[in-house]
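A structural walkthrough
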Amino acid sequence: MKLNELVLHTNRWVSDSSPIGSIVISSRIRLARNLEKFPFPHCMDLDAAKIVVSEVKEAATSTKNLKNSIFVNLKKASKLDRKFLMERYLISKEHAFSSQERAVLFDADEQVALMINEEDHLRLQVLTSGLQLDSLWQKINKIDDELEAKLKYAYLSDVGYLTACPTNTGTAMRASVMVHLPALVFTKSIEKILNSVRQIGLTLRGIYGEGTDIKSTFFQISNQITLGLTEEEIISNVGKAIRQIVDEEYNTRKLLVKDSKLQIENEVWRAYGILKNARIISFQEVINLFSALRFAIELNIITDISIDVLNELLVDVQPAHIQKMYGTDMNANERDIKRAELIRSKIK
């Protein structure tokens with residue numbers, strides 16, 4: 001499969017029919033690892049960076065999950081391709097725009113990805129729909145064991161895995177969950193949630209995770225602490241917090257339907273009208289309108305559009321995806337026009 005063909009395929013993680021899937025969009029686990037004989041990426045010279053890319057690629061393509069993976073040399077990739085991969089959650093923002101010799105491998109389903117020479121030599125991630133952290137841990141642990149059998153990791157028995165950022169040292173694991181919390185945002189209860197998760201060692205980030213601002217009702221919630229905790233403890237802590245937040249969101253929705261139904265209906269039908277009829281629309285505006293429309297679908301106010309359609313559009317309307325879909329470079333205004341056309345074709 002060529003990189004340009006990915007735009008024709010829907011990410012498997014965007015669909016989940018379970019009840020909690022209406023609020024929990026996806027789960028991801030990421031492991032950071034470094035090779036013992038090399039400096040961290042920000043200290044490496046070009047020759048060392050190339051060797052790391054080569055050695056990690058050779059080891060990864062001998063594993064069961066990545067033996068037929070797609071390999072992209074990000075140093076040689078165009079800016080559009082790098083943005084496209086970031087929008088598909090296959091690389092991070094830092095990885096997309098770094099000047100270091102770097103690469104990424106990912107499987108055909110885009111559920112397993114390995115970033116090479118991001119902040120650390122290896123950033124291995126697995127991604128799926130809904131709240132499935134336990135199964136993801138089983139999967140990524142097996143892949144990591146296969147890699148560790150071929151690569152000598154930087155590790156100290158009394159500390160754990162050594163990482164470029166001290167906050168990742170230890171298990172070097174981040175468990176994150178993407179959630180949709182419109183009711184908590186609408187009632188301004190999200191500030192209370194933010195304070196609560198910080199007190200238990202978790203953090204909330206924007207839709208693209210680390211390094212991105214919170215500008216919508218979509219959040220990524222993940223652990224901040226890795227040192228002194230086992231992987232199972234991290235997963236348990238994040239899972240418990242997510243379930244509590246989901247309960248808060250559900251309860252708040254019930255109160256809104258009871259006390260503010262007309263106001264909610266006004267907001268969602270306005271959003272529906274704009275999305276159905278807009279001729280020019282920005283990505284940020286779409287995110288806000290999709291949140292309202294998704295909320296309406298979850299509350300059965302709107303019944304003729306599925307969550308799956310919105311999930312697919314949430315990926316497809318991103319700037320690089322629009323350009324890939326139409327096969328041409330575009331300025332912002334041209335993208336906004338094509339984005340509106342695409343949405344009108346899907347939301348009838």
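Owing to the predicted nature of the structure, the values given are computational and were not obtained by experimental measurement.

On the basis of which strands lie adjacent, the open sheet formed by 8 strands has the order β2-β3-β4-β5-β1-β8-β10-β9 and antiparallel pairing. Of all the strands in the sheet, the pair left with one neighbour each is β2 (70–73) and β9 (202–205). On average, adjacent strands in this sheet sit at an angle of 20 degrees to one another, irrespective of strand direction. Sitting on the sheet, helix α6 (residues 190–199) is in contact with β9 and β10 (218–223), with an inclination near 140 degrees to β9. Relative to strand β8 (residues 173–180), helix α9 (residues 283–298) is tilted by about 75 degrees, and along the sheet it contacts β1 (24–33), β8 and β10.

Attention now goes to helix α11 (residues 319–326). Every buried residue of α11 is accounted for by A320, H321, I322, Q323 and K324. Here the buried face of α11 lies against α2 (79–87), α10 (307–316) and α12 (332–346). Among the residues trailing α11, G327 stands out with phi positive, at a value near 70 degrees.

This part is about the pairing of β8. Each regular strand shows side chains that alternate between the opposite faces of the sheet. By the criterion of burial, β8 is predominantly enclosed, with 8 of the 8 residues buried. Alternating residues of β8 divide into M173, A175, V177 and V179 and R174, S176, M178 and H180, and every residue in both groups is buried. Here β1 runs beside β8; their pairing, made up of 7 bridges, is antiparallel. Paired with I29 across the strands is A175, a residue of β8. Where β8 meets β10, 5 bridges bridge the pair, whose relative direction is antiparallel. The residue bridging S176 from the neighbouring strand is S222, located in β10.

Our next topic: the environment of I29. Within the secondary structure, I29 is located in strand β1. The exposure class assigned to I29 is buried, which follows from its relative accessible area of 0%. Sequence spacing of I29 and N300 is 271 residues, and the spatial spacing of their C-alpha atoms is 32 Å.

The residue E110 is not glycine, and still its phi comes out positive at about 60 degrees. You can see E110 is positioned in the loop between β3 (103–106) and β4 (112–116). Phi is positive for A172, close to 55 degrees, though the residue is something other than glycine. Looking at the element boundaries, A172 is found in the loop between β7 (160–161) and β8. Judged by relative accessible area, which is 0%, A172 ranks as buried.

What follows concerns the nonpolar core. Counting 56 residues, the largest nonpolar core has I29, L114 and I242 as the members making the most contacts within it. Those residues within four positions of I29 in sequence are excluded, and the remaining contacts are L124, Q125, V126, L133, L136, W137, I140, M173, R174, A175 and I235. Within the second largest apolar cluster, 37 residues are counted, among which are Y89, I264, V268 and L314.

Another aspect to go through is the packing of α2 against α11. Axes are the key here: two packed helices are described by the angle between their axes and the distance separating the axes. Put simply, α2 and α11 touch, their axes get as near as 8 Å, and they point 115 degrees apart. Here the hand of the crossing between α2 and α11 comes out left-handed. In this structure, α2 uses L80, D81, K83, F84 and E87 to contact α11, whose residues at the interface are P319, A320, H321, Q323 and K324. Classifying every residue of the contact of α2 with α11 by side-chain character gives 4 nonpolar, 2 polar and 4 charged.

So, on to the confidence of the model for the protein. Confidence in the prediction of the protein, expressed as mean pLDDT, is 90, and 94% of residues score 70 or more. Ignoring residues within four places in sequence, the model shows residues 209–214, a span with pLDDT below 50, making 14 contacts including any to other chains.

Count 3.6 residues to each turn of an α-helix, and residues three or four apart come out pointing the same way. Between the first and last C-alpha of helix α4 (residues 133–148) there are 22 Å, a value that for 16 residues agrees with the 22 Å anticipated at 1.5 Å per step. For α4, every residue scored as buried is listed here: L133, L136, W137, I140, I143, D144 and L147. What you see down the axis of α4 is that its buried residues fit within an arc of 140 degrees, all on one side. Residues D134 and K142 are exposed on α4 and point more than 90 degrees away from its buried face.

Here we take up the packing of aromatic side chains. Scanning the entire structure with this criterion turns up 3 aromatic pairs. With 4.9 Å between their ring centres and 65 degrees between their planes, Y155 and Y161 make a pair best called edge-to-face. With a centroid separation of 5.3 Å and 70 degrees between ring planes, the pair formed by W269 and Y272 is classed as edge-to-face. Here W269 pairs with Y272, and both are found in helix α8 (residues 261–277), just 3 residues apart, close to one helical turn. By relative accessible area, W269 is classed as partly exposed at 41%. With relative accessibility at 8%, the residue Y272 sits in the buried group. Sitting over the face of the ring of Y161, R33 holds its NZ or CZ atom 3.5 Å from the ring centroid. For the cation-ring pair, K324 lies above F84, with the distance from its terminal atom to the ring centre recorded as 5.6 Å.

Thresholds, definitions, all that
- Residues numbered from 1 in each chain as written.
- Predicted model: local features only at pLDDT ≥ 70, side-chain atom pairs only at ≥ 80, totals over all residues.
- Heavy atoms only, no water.
- Pairing = 2+ DSSP bridges.
- Helix = DSSP H or I, 4+ residues; strand = E, 2+ residues; numbered from the N terminus.
- Axes fitted to C-alpha atoms, helices over the stretch in contact; angles between N-to-C directions.
- Contact = heavy atoms within 4.5 Å.
- Buried < 20%, exposed > 50% of the residue type's maximum accessible area, 1.4 Å probe, protein only.
- Core = buried A, V, L, I, M, F, W, Y, C linked by side-chain atoms within 4.5 Å.
- Left-handed = near helix turned anticlockwise from the far one by under 90°.
- Nonpolar A, V, L, I, M, F, W, Y, C, P; charged D, E, K, R; others polar.
- pLDDT = per-residue confidence, 0-100.
- Expected span 1.5 Å × (residues − 1).
- Arc of directions from axis to C-beta.
- Phe/Tyr/Trp six-rings, centres within 6.5 Å; stacked < 30°, edge-to-face > 60°.
- Lys NZ or Arg CZ within 6 Å of the ring centre and 35° of its normal.

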